[in-house]
Every structure is written in C-alpha cells, then in structure tokens.
Amino acid sequence: MPAKKPPAPVAPKTPESEKITINMGFVDLGNIDLLVAEGFYSNRTDFIRTAIRTHLAQHADVLRQAVSRKMLVLGLQSFSVEDLEAVRAAGETLQIRVLGLAVIAPDVPPALAAATIESLTVLGALHASPAVKAALAGRIR
C-alpha cells in the first residue's frame, strides 16, 4: 500500500479589509445616527464607507496620476520565502512600492528579508512578522 502524502500546507487567508478606528465629535456622530435611523444608511459603517468612496472618486484623477508617478503596485503583493530566495540567487534586491496590501509570508526569516528588500513603501497595510518588520525598520517608508 503506498504511503499517504502529507496534506499540502494551507496558506493563511488574507483579510479583505483592514480595521481602522476614528474619533468623531458627538454632533457629527449624532447626525450619522439620524441618517441611519431615517433609513439612508444601514449603519454607521455603511455611512463611513460611502463617504470615503465618494471622496476617493472625487480625487480619482489625482490618485491615478500619483500611483503612476510613484510607480506603485495596486492591490495585493505578497512575498514568499521562495520569491525572496530567487531574488537573492539573482544577486538583486527589491524596492517594494504597494498601494493596498503587502504581505511578507510568516515563515520568511528576518535575515532573508533584510538581504533582499532594499526599501519598502506601503500605502495601506503591511502584514509581516514582528521580527521581519524589525529587520526592515530602517527601510520602511
């Protein structure tokens, strides 16, 4: 009877959003609650997301130009041990620029990250181990 193969490792699921906290004045908060009570929005979060999307849409041209000028990768960019080993084997380093989410796999050793990542600019969120973040602290902009 052939030996069973071990199950393939399951990559951790990347969250689809990042939680933020804001402070608001009581009158603004009351106005939002009134709009929710009147049925304009389903809840406070719905109002805040709608307001943010409206403002981002108003500035879409400026955002598009800035993304192009700064050479940012939009969306999710992830780096595994294999990716960074290939960079090291090629004798290169990375200048990572992301608007969205940058993920450095949890099993990436800090020394490998430090040897292969020259600079890291993330507008959005960076998911990496505390040790990798510490190793790259002077390179994160």
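Whatever comes next refers back to the structure up there.
By convention here, each chain's residues receive numbers from 1 onward along its written sequence. This being a predicted model, a pLDDT of at least 70 is required before a residue's local features are given, and a value of 80 or more before pairs of side-chain atoms are given or counted; all residues contribute to the totals for chains, interfaces and linings. Heavy atoms from the whole structure form the basis of all side-chain values; hydrogens and water molecules are not counted.

Topic: the sheet that holds strand 1 (residues 73-79)
Two strands make a pair as long as DSSP finds a minimum of two bridges between them. A run of H or I in DSSP counts as a helix once it spans at least four residues, and a run of E counts as a strand once it spans at least two, with each numbered from the N terminus. Ordered by their spatial adjacency, three strands build an open sheet running 1-2-3, and the pairing between neighbours is parallel. The outermost strands of the open sheet, each flanked by one partner alone, are strand 1 and strand 3 (117-127). Averaged over neighbouring strand pairs, the angle between their axes works out to 45 degrees when direction is ignored. As judged from the 10 bridges shared by strand 2 (residues 94-104) and strand 3, these two strands associate in the parallel manner. An axis is simply a line fitted to the C-alpha atoms; with a helix, the fit covers only the stretch in contact. Between two such axes, the angle follows the N-to-C directions and lies from 0 to 180 degrees.

Looking at the packing of aromatic side chains
Here the aromatic set is Phe, Tyr and Trp, taking the six-membered ring for Trp, and pairing holds for ring centres within 6.5 Å; pairs whose planes are under 30 degrees apart are stacked, those over 60 apart are edge-to-face, and all others are tilted. Under the counting rule described, the total for this entry stands at one aromatic pair. Their ring planes at 90 degrees and their centres at 5.1 Å tell us that Tyr41 and Phe47 sit as a pair that is edge-to-face.

Remarks on the side chain of Ser119
In this structure, Ser119 sits in strand 3. Relative accessibility decides the category of a residue: with a 1.4 Å probe and only protein chains considered, values under 20% of the type maximum give buried, values over 50% give exposed, and everything between is partly exposed. According to the relative accessible area criterion, Ser119 is buried, its value standing at 4%. Residue contacts are defined here by distance: any two heavy atoms, one from each residue, within 4.5 Å place the two residues in contact. Discounting residues that sit within four places of it in the chain, Ser119 has contacts with Leu94, Gln95, Ile96, Arg139 and Arg141.

Overview of the environment of Pro106
Within the secondary structure, Pro106 sits in the loop between strand 2 and helix 5 (110-116). Exposure remark for Pro106: the relative accessible area of 61% places this residue in the exposed category. The spatial distance from the C-alpha of Pro106 to the C-alpha of His127 is 8.6 Å, given a sequence separation of 21 residues.

With respect to unusual backbone geometry
With a phi close to 55 degrees, Met71 is a non-glycine residue in the positive phi region. Relative to the assigned elements, Met71 resides in the loop between helix 3 (60-69) and strand 1. Residue Met71 is classed as exposed on the basis of its relative accessible area of 57%.

Some words on helix 2 (residues 44-58)
Taking 1.5 Å per residue, 15 residues should reach 21 Å; helix 2 reaches 21 Å between its end C-alpha atoms and fits that length. Here a polar contact is recorded for every N or O atom pair within 3.5 Å, except that within protein the pair must consist of a potential hydrogen donor and a potential acceptor, and residues adjacent in sequence are included only if both atoms are side-chain atoms. The backbone nitrogen of Thr45 has a side-chain oxygen 3.1 Å away, supplied by the residue at the start of helix 2, namely Asn43. By this rule the span expected of a helix is its residue count minus one, scaled by 1.5 Å.

Observations regarding the pairing of strand 2
Inspection of the sheet shows strand 1 paired to strand 2 by seven bridges, in the parallel sense. For Gly75, the partnering residue across the bridge sits in strand 2 and is Gly100. A clockwise course of the path from the first strand over the helix to the second, judged with the strands pointing away from the viewer, identifies a crossover as right-handed. Assessed by its sense of winding, the connection that carries the chain from strand 1 through helix 4 (residues 81-89) to strand 2 is right-handed.

Digging into the nonpolar core
Counting 18 residues, the largest nonpolar core has Ile104, Val108, Ile117, Leu120, Leu126, Val132 and Leu136 as its most contacted members. Of all the secondary structure elements, the ones that give two or more residues to this core are helix 4, strand 2, helix 5 and strand 3. Ile104 has contacts with Phe79, Ile117, Leu120, Leu126, His127, Ala128, Val132 and Leu136, leaving out every residue within four places of it along the chain. Nonpolar cores are built from buried Ala, Val, Leu, Ile, Met, Phe, Trp, Tyr and Cys residues. Side-chain atoms within 4.5 Å join them into one set.

Brief notes about the layout of surface pockets
The way it works is a 1 Å grid over only the protein atoms, where trapped points that fit a 1.4 Å probe form a cavity and open points with protein on both sides within 12 Å along at least five of seven lines form a pocket, and then any residue with an atom within 4 Å of a point lines it. Grid points are joined across faces, edges and corners, and a volume is the space filled by probe spheres set on the points. Counted as a void, the largest pocket has a volume near 990 Å³. Ser17, Glu18, Ile20, Arg49 and Ile52 are the residues nearest the centre of the largest pocket, which is lined by 22 residues in total. Counting only elements with at least two residues in the lining of the largest pocket, the list comes to helix 2, strand 2 and strand 3. Broken down by element, the lining of the largest pocket gets its largest block of residues, seven residues, from helix 2. All residues other than Ala, Val, Leu, Ile, Met, Phe, Trp, Tyr, Cys, Pro, Asp, Glu, Lys and Arg, Gly among them, are scored as polar; the first ten of these are nonpolar and the last four charged. Tallied by class, the residues present in the lining of the largest pocket amount to 10 nonpolar, six polar and six charged.

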